[in-house]
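Chain by chain, the residues:
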Amino acid sequence: MPVGTRAAVKTLDAADIDALGFPLILANTYHLLLRPGPDLIREAGGLHGFTGFNGNFLTDSGGFQVFSLSKLRKVTSEGVVFRSHLDGAMVELSPEVSIDTQLKLGSDILMVMDECLAYPHPPEAAEPSLRITMDWEKRSLKYFNSHGGPESGSFLFGIVQGGFDRELRQRAASLTAELGFDGYAVGGLSVGEPPALMHELLDLVVPELPESKPRYLMGVGSPLEVVRAVAQGIDLFDCVLPTRLARHAVLLTWKGKLKIRNQVYRSDFLPPDPDCSCPVCKRYSRAYLRYLFHAGEFTGMRLATLHNLAFMSSLMKEIRQAIREERLADLIRKIEVAYGAGNSIHSQHDDAI
Ligand SMILES: [Zn+2]
């Protein structure tokens, strides 16, 4: 999923996303709750009507941003009260408010509200935090079921938390699976921990989640982390990385990262990635992209974004093909060469601030 934090994938529009072939994008409830507000979006016909995007939307619960962006916040058993980063107003977010907001947004896949711990966290923080998340998950599910969620054709995903405690992570996964969601996310990872620790926890969590339902690793999207997590049983990802790197003139290619501002590309008339068949690589040269960035032309950011998303889309296609042909291990090795030690890039969650 490309990330459209504030109902827009930065520098692109809905027609671009359609053309890239992504069936699903992520939008952030926290940002849309504060501006323009769920009632306006509902009046516009939900996110689909408001943005003109023909595909589907997945919305997060807003919890992650409350914990990562808002300075003043108070967690109670009811939910969380926080100060808006836009105008300082006090705003309340509870599982009920979150689901209600996501229903008004007309989201296709809604996420339960959860509490996300930072990395590292005090060991004693994990258990009480998981209790809050489990309570909020149940309340999210109850509100969704009793307010027309299933009838609206939307789906609700649970989220596995548990911090960085191995035993709690595993327990959180089996408790969440028992609640019976349409899909399962693994949250609270890719928040600054070493990638090896994330993969170790995934190995504990994934076997507890039903194989017949989608499994979604939140906030993860570097090529290497994606391909490794797929091998561990993950189906779905979101990450701001491809679009953010693009705006910083870094291209994702089959040979690794390409920093297009570098002098070496000044008169390089090859396509940005000769192994990529996206419209940008078919039409433009490295020299032109480099020039656009140096000249401060917005078109540079836009072309880089289009290419990076096309790259992620073909990476996922190649992963599916490799699974069918039983050569996923070879593909992982290829991506390790391109994005392994020395070339690594880490995933990130939020794109707004
Ligand atoms: Zn390309």
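Higher on the page you've got the structure.
Before going into details, it helps to say that this report is about the structure given with it. All figures in this text were calculated on a predicted structure; none of them were measured in a lab.

## Details of the coordination of the zinc ion
Around a metal, the idealised angle for a tetrahedral arrangement of four donor atoms is 109.5 degrees; for an octahedral arrangement of six donor atoms it is 90 or 180 degrees. Around the zinc ion, the protein contributes the donor atoms Cys 276 (SG), Cys 278 (SG), Cys 281 (SG) and His 307 (ND1), which lie 2.1 to 2.3 Å from the metal centre. Coordination at the zinc ion is tetrahedral: its 4 donor atoms span angles of 99 to 117° at the metal. Sequence positions of the donors to the zinc ion reduce to the motif C-x1-C-x2-C-x25-H. When sorted by exposure, Cys 276 lands in the same class as Cys 278, which is buried.

## As for the packing of helix H10 (residues 223–231) against helix H14 (residues 298–324)
In the contact formed by H10 and H14, the axes pass within 11 Å of each other and the chain directions differ by 25°. Relative to H14, H10 is oriented roughly parallel. H14 is crossed by H10, and the crossing has right-handed handedness. Judged by residue contacts, Pro 223, Val 226, Val 227 and Val 230 of H10 engage Phe 311, Met 312, Leu 315, Met 316, Ile 319 and Ile 323 from H14. Tallied by class, the residues present in the contact of H10 with H14 amount to 10 nonpolar, no polar and no charged.

## So, the pattern of salt bridges
Under the defined criterion, the tally for this structure stands at 15 salt bridges. For the salt bridge of Asp 39 with Lys 104, the shortest nitrogen-to-oxygen distance reads 3.3 Å. On the criterion of sequence distance, the pair formed by Asp 39 in helix H3 (residues 38–43) and Lys 104 in helix H6 (residues 95–104) is long-range, its members being 65 residues apart. For Lys 104, a relative accessible area of 19% translates into the label buried. As a salt-bridge pair, Glu 167 and Arg 171 come within 3.4 Å of each other at their nearest N and O atoms. Of this pair, Glu 167 and Arg 171 both sit in helix H8 (residues 166–179), 4 residues apart, roughly one helical turn. On the basis of relative accessibility, which here comes to 47%, the residue Glu 167 falls in the partly exposed class. Here the salt bridges do not stand alone but share partners, grouping Glu 78, Glu 96, Asp 135 and Arg 139 into one network.

Each value, and the rule that gives it
- Residues numbered from 1 in each chain as written.
- Predicted model: local features only at pLDDT ≥ 70, side-chain atom pairs only at ≥ 80, totals over all residues.
- Heavy atoms only, no water.
- Donors = N, O, S within 2.8 Å, 3.2 Å for Na, K, Ca; no water.
- Tetrahedral: all angles 85-135°; square planar, octahedral: opposite > 155°, others 65-115°.
- Buried < 20%, exposed > 50% of the residue type's maximum accessible area, 1.4 Å probe, protein only.
- Axes fitted to C-alpha atoms, helices over the stretch in contact; angles between N-to-C directions.
- Helix = DSSP H or I, 4+ residues; strand = E, 2+ residues; numbered from the N terminus.
- Parallel < 35°, antiparallel > 145°, perpendicular 65-115°, else oblique.
- Left-handed = near helix turned anticlockwise from the far one by under 90°.
- Contact = heavy atoms within 4.5 Å.
- Nonpolar A, V, L, I, M, F, W, Y, C, P; charged D, E, K, R; others polar.
- Salt bridge = Lys/Arg side-chain N within 4 Å of Asp/Glu carboxyl O.

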